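Breakdown of the fold
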Amino acid sequence: MFFILKVLFGFGKTSVAATCVIGLQWGDEAKGKLVDLLAPRHDIVVRYQGGANAGHTVVCGKEVYKLHHVPSGILAGGITNVIAPGVVIEPNMLIRELEGLEARGITPRKNLMISERAHVVMPWHFVEDKATNKAMVAGESIGTTNRGIGPCYRDKVGRTHAIRIADLSSDQLKIKITETAAAKRHMLAPIADPSDLELLDTDKVLQQCHMWANSLGSLAADSTNYLLDELDAGKRLLMEGAQGSLLDIDHGTYPFVTSSNASGVGVSAGSGVPARWITNVIGVTKAYSTRVGGGPFPTELIDETGQKIREIGREYGTTTGRPRRCGWFDAVAVRYTARLSGIHYLSLMMMDVLSYFDTVQICVAYELRGERISRFPCLAEDLRLCKPIYETLPGWNTDVSNVRKLEDFPTNARRYIDRISELISVPIGVLSVGPDREQTIFLASF
Ligand code: IMP
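Keep in mind the model is a prediction, meaning the values are calculated, not measured.

Once that is clear, we can look at the overall build of the protein chain. Of regular secondary structure, the protein chain possesses 14 helices and 20 strands. Taking 446 residues into account, the globule formula puts the C-alpha radius of gyration at 22 Å, and the protein chain, at 22 Å, falls close to it. Along the three orthogonal principal directions, the C-alpha set of the protein chain runs to about 65 × 50 × 40 Å. Within the span of the protein chain, comprising 446 residues, buried residues form 58% of the whole. Partitioning the intrachain contacts of the protein chain with sequence separation of at least 6 by distance along the chain shows that 76% fall at a separation of at least 24. For the protein chain, the exposed area adds up to about 17900 Å²; of that, 52% sits on carbon and sulfur atoms. The centroid of the 49 positive side-chain charges in the protein chain is displaced by 2 Å from the centroid of its 49 negative side-chain charges.

Now the structure itself:
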């Protein structure tokens, strides 16, 4: 209650330069919905990390849009959307995404800019992801989205075999592709499916690069200086995070993470916007937890309750269609990621999914080797051993999907919301009770 009052009476009056929307769990927190809603209050929306592994769903009335590269601001109209240097771009999929939007009457090319510094997911990255995804890490497969993300970031850091958007139109392209394709065929031959190696033929790859340059070349620009100029001119930016903080390469549940900085600390590196411009950080979390792919998940429910959450929440991956693992809200994990990401407000999503439970549980601490801990551990093998210590709250057994004001939530739902805010020590800024734009309650102004 304390935090909600704080929001209502004291917050939300800052002059905003850059607002960030950051996932606080393992991705799929419905960040796309929030970005779509906040976009009209900003001038530019920026995607700054991840790639086609992300699947951002935006529901506009009866229309459902599933975006992978294109920032969710594209549906707001008239707002510039930027794909910044930290994103890895799979051009075939981006082109298909643009064509899909065009087929539905949207003109994404009018207001989309792609950083010439962004790296390209090349055919060999898919071959490598597929070949290495079977590998066991600490006894479990990472279970990537098979979109070539890890191999592309690996080459970016390695530098010798990387291709950037600017390279696609460079007169050095033929030399780079010839050398890199030959090196990749050689490296991947012992581990890849022989039929996949055919995709790495130099001429075929070069042909694709020319097609990509023709289609995307006019969108490529120096987004770094563009964003800095626009900030100097007083424009408002909305930074759209992909995945979630627990999948952050440096701070997440390593090695069961993605290959970019998916927490709040990744905003500046990926976008080129320095910290001094970041005025508002919104942490997005579901009212429960989900995870796709491998890795420890202390509050996972492998029972009827988990299945009930999955079915009511339609918890199946946007990108891969995989059923998501479901569990209770983990306040230990979210307290950690909220601090790490420097959150000013929480956006608590999917409250409607918990409408019909007699009791609901919140994990408030873990038991690790007989000891109660409230810090999120570093080692995946420790997290795997953590047993959740739950606080049980009464459920509200009422459909809240039509609630539009905080006061109209049933008392037990209010208690649940307040308890989460209290445990994370962050005020609630937004509540969401369904996928539609109208099913959103703003408690702060952004
Ligand atoms: P990658 O990003 O495809 O390499 O996958 C690494 C891990 O991150 C896997 O467990 C994926 O399931 C997970 N992951 C990647 N992107 C997303 C996302 O957008 N939502 C949820 N999980 C994701």
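This is not the end of the story, as more comes after the structure.
Attention now moves to the sheet that holds strand β11 (residues 278–286). One open sheet holds the 10 strands; their spatial order is β9-β7-β5-β2-β10-β1-β11-β15-β19-β20, and the pairing between them is mixed. Edge strands, defined here as strands with exactly one partner in the open sheet, are β9 (220–221) and β20 (440–442). In terms of strand pairing, strand β1 (residues 18–23) meets strand β10 (residues 237–240) through 4 bridges, oriented parallel. Across the sheet, T19 pairs through a bridge with L238, a residue of β10. Where helix α2 (residues 31–38) meets the sheet, its contacts fall on β1, β2 (44–47), β10, β11, β15 (345–349), β19 (428–432) and β20, and the angle it forms with β1 comes to roughly 165 degrees.

Attention now goes to the packing of helix α4 (residues 123–132) against helix α5 (residues 149–158). Closest axis-to-axis distance for the α4/α5 pair is 7 Å, and the angle between their directions is 120 degrees. On the basis of the axis angle, α4 is oblique to α5. Where α4 crosses over α5, the two elements pack in a sense that is right-handed. Along the contact surface, α4 presents W124, H125, E128 and D129, while α5 presents I149, P151, C152, R154 and D155.

A word on the side chain of S115. In this structure, S115 sits in strand β7 (residues 112–115). Of the polar contacts made by the side chain of S115, one reaches the backbone nitrogen of R117; its length is 2.9 Å.

As a further point, take the pattern of salt bridges. Applying the stated criterion to the full structure yields 20 salt bridges. Residues D28 and R324 are paired through a salt bridge, measuring 3.2 Å at the closest nitrogen-oxygen approach. One end of the pair, D28, is in the loop between β1 and α2; the other, R324, is in the loop between α11 (304–312) and β13 (325–327), and 296 residues separate them in sequence. Relative accessible area serves as the criterion here: at 23%, D28 is assigned to the partly exposed category. Judged by relative accessible area, which is 7%, R324 ranks as buried. A salt bridge links D36 to R437; the shortest N-O distance between them is 2.6 Å. On the criterion of sequence distance, the pair formed by D36 in helix α2 and R437 in the loop between β19 and β20 is long-range, its members being 401 residues apart.

Another point: the site of the ligand. Around the ligand sit 15 residues in total, of which D28, N53, T145, T258 and R322 are the nearest. A distance of 2.5 Å separates an oxygen atom of the ligand from a polar side-chain atom of T145. For the ligand, an oxygen atom lies 3.1 Å from a polar atom in the backbone of V292. Considering the ligand on its own, with 470 Å² of exposed area, one finds that the protein chains cover 97% of that surface. Residues from two domains meet in the shell around the ligand; each of domain 1 (16–116 + 222–442) and domain 2 (126–218) gives at least three.

Bringing helix α14 (residues 411–424) into the picture now. Residues lying three or four places apart along an α-helix face the same way, a consequence of the helix completing one turn every 3.6 residues. Across its 14 residues, α14 extends 20 Å between first and last C-alpha, which sits within 8% of the 20 Å expected from 1.5 Å per residue. Every buried residue belonging to α14 is among A413, R414, Y416, I417, D418, I420, S421, L423 and I424, and all of these are buried.

Below, the discussion takes up the pairing of strand β5 (residues 80–83). Here 4 bridges tie β2 to β5, and the two strands are oriented parallel to one another. Across the sheet, residue V45 finds its bridge partner in β5, namely N81. Taken together, the 3 bridges between β5 and β7 define a ladder with parallel strand orientation. Along β7, the bridge assignment pairs V82 with M113.

Assignment of secondary structure puts Q361 in strand β16 (residues 359–368). Of the polar contacts made by the side chain of Q361, one reaches the side chain of W328; its length is 3.2 Å. Within the structure, Q361 has its side chain in polar contact with the side chain of T392 (distance 3.0 Å). Contacts of Q361, omitting those with residues within four sequence positions, involve W328, F329, Y390, E391, T392 and Y416.

Definitions and cut-offs
- Residues numbered from 1 in each chain as written.
- Predicted model: local features only at pLDDT ≥ 70, side-chain atom pairs only at ≥ 80, totals over all residues.
- Heavy atoms only, no water.
- Helix = DSSP H or I, 4+ residues; strand = E, 2+ residues; numbered from the N terminus.
- Rg over C-alpha atoms; globule rule 2.2 N^0.38 Å.
- Buried < 20%, exposed > 50% of the residue type's maximum accessible area, 1.4 Å probe, protein only.
- Contact = heavy atoms within 4.5 Å.
- Areas by Shrake-Rupley, 256 points an atom, 1.4 Å probe, with all protein chains shown as cover.
- Lys, Arg positive; Asp, Glu negative; His and termini not counted.
- Charge placed at Lys NZ, Arg CZ, Asp CG, Glu CD.
- Pairing = 2+ DSSP bridges.
- Axes fitted to C-alpha atoms, helices over the stretch in contact; angles between N-to-C directions.
- Parallel < 35°, antiparallel > 145°, perpendicular 65-115°, else oblique.
- Left-handed = near helix turned anticlockwise from the far one by under 90°.
- Polar contact = N/O pair within 3.5 Å; in protein donor to acceptor, adjacent residues only side chain to side chain.
- Salt bridge = Lys/Arg side-chain N within 4 Å of Asp/Glu carboxyl O.
- Near = heavy atom within 4 Å.
- Domains from an automatic or database assignment.
- Expected span 1.5 Å × (residues − 1).

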